[in-house]
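# Coordinate inspection notes
Read off the chains here:
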Amino acid sequence: MFFAPVIRRSAYVPALRPVDRSFERFVSDALQPARARNLDVTQDDTSWKLQLDLPGVSREQLTIGIEGSTVRIATVEGAARSFQANYELPQEIDPATSQAKLENGVLSLVLGKKAPVSNVTQLQIS
């Protein structure tokens, strides 16, 4: 995220702070990478659904890796378009129940949520 420097005089006027924030948001949105703006994320009880626009990229040029709660999407060398992104989700991803589909330049991922495993051991009361 980009934050524009704010120059203030010795007599700081608190009423101008919302103007500073508006300018920061404007500059941040303008300079934000395009890949962050074309991501749609939804979730239900069992999975997350991510849709990402990747025009000009074929299945052979794309790699998707899952490690813990992070999904890594990247193009291989020699691809017509260079793309690399990492998305961290709040819960671990189950690779066995996850799917990926690339159709008409839109990558659709269904990432299954891994059920938390309890490591609680019951003790006998004597």
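Everything below is about the structure printed above this text.
Treat the numbers as computed from the prediction; the structure is a model and nothing was measured.

### Quick notes on the overall build of the protein chain
Helix and strand counts for the protein chain stand at two helices and seven strands. Walking the protein chain from its N terminus toward its C terminus, one meets helices and strands in the order α-α-β-β-β-β-β-β-β. Counting over 126 residues, the protein chain shows a buried share of 27%. For the protein chain, restricting intrachain contacts to residue pairs at least 6 apart in sequence, the fraction spanning at least 24 positions comes to 43%. Entry remark: accessible area of the protein chain is about 9,600 Å², with carbon and sulfur atoms responsible for 53%.

### Thoughts on the side chain of S98
In this fold, S98 is placed in strand β6 (residues 93-103). Separated by 2.7 Å, the side chain of S98 and the backbone oxygen of D94 make a polar contact. Among residues more than four places away in sequence, those in contact with S98 are I66, I93, V110, L111 and G112.

### Let's talk about the side chain of T70
Along the chain, the position of T70 falls in strand β4 (residues 70-75). Looking at T70, the relative accessible area reads 14%, which means it is buried.

### Examining the packing of aromatic side chains
Considering all chains together, one arrives at zero aromatic pairs under this definition. Against the face of W48 rests K113, its NZ or CZ located 5.0 Å from the ring centre.

### Focus: the sheet that holds strand β5 (residues 84-88)
Sheet architecture is open: three strands sit in the order β3-β4-β5, paired in antiparallel fashion. With one partner strand each, in any of the chains shown, β3 (62-67) and β5 form the two edges of the open sheet. Looking at each pair of strands side by side, their axes are set apart by 15° on average, direction ignored. Taken together, the five bridges between β4 and β5 define a ladder with antiparallel strand orientation. Each bridged residue has a counterpart across the sheet, and for R72 the counterpart in β5 is N86.

### A few points about the pattern of salt bridges
Per the counting criterion, the structure on display carries three salt bridges. One salt bridge in this structure joins D44 and K49, with 2.9 Å as the shortest N-O distance. A relative accessible area of 34% places D44 in the partly exposed class. One salt bridge in this structure joins E103 and K101, with 3.6 Å as the shortest N-O distance. The exposure class of K101 is partly exposed, given its relative accessible area of 47%.

### A short note on the environment of I66
With respect to the secondary-structure elements, I66 resides in strand β3. Its relative accessible area of 30% is what places I66 among the partly exposed residues. In this structure the C-alpha to C-alpha distance between I66 and L111, which are 45 residues apart in sequence, comes to 9.3 Å. Excluding residues within four positions of it along the chain, I66 makes contact with V71, I93, P95, S98 and L111.

The rules behind the values
Residues numbered from 1 in each chain as written. Predicted model: local features only at pLDDT ≥ 70, side-chain atom pairs only at ≥ 80, totals over all residues. Heavy atoms only, no water. Helix = DSSP H or I, 4+ residues; strand = E, 2+ residues; numbered from the N terminus. Buried < 20%, exposed > 50% of the residue type's maximum accessible area, 1.4 Å probe, protein only. Contact = heavy atoms within 4.5 Å. Areas by Shrake-Rupley, 256 points an atom, 1.4 Å probe, with all protein chains shown as cover. Polar contact = N/O pair within 3.5 Å; in protein donor to acceptor, adjacent residues only side chain to side chain. Phe/Tyr/Trp six-rings, centres within 6.5 Å; stacked < 30°, edge-to-face > 60°. Lys NZ or Arg CZ within 6 Å of the ring centre and 35° of its normal. Pairing = 2+ DSSP bridges. Axes fitted to C-alpha atoms, helices over the stretch in contact; angles between N-to-C directions. Salt bridge = Lys/Arg side-chain N within 4 Å of Asp/Glu carboxyl O.

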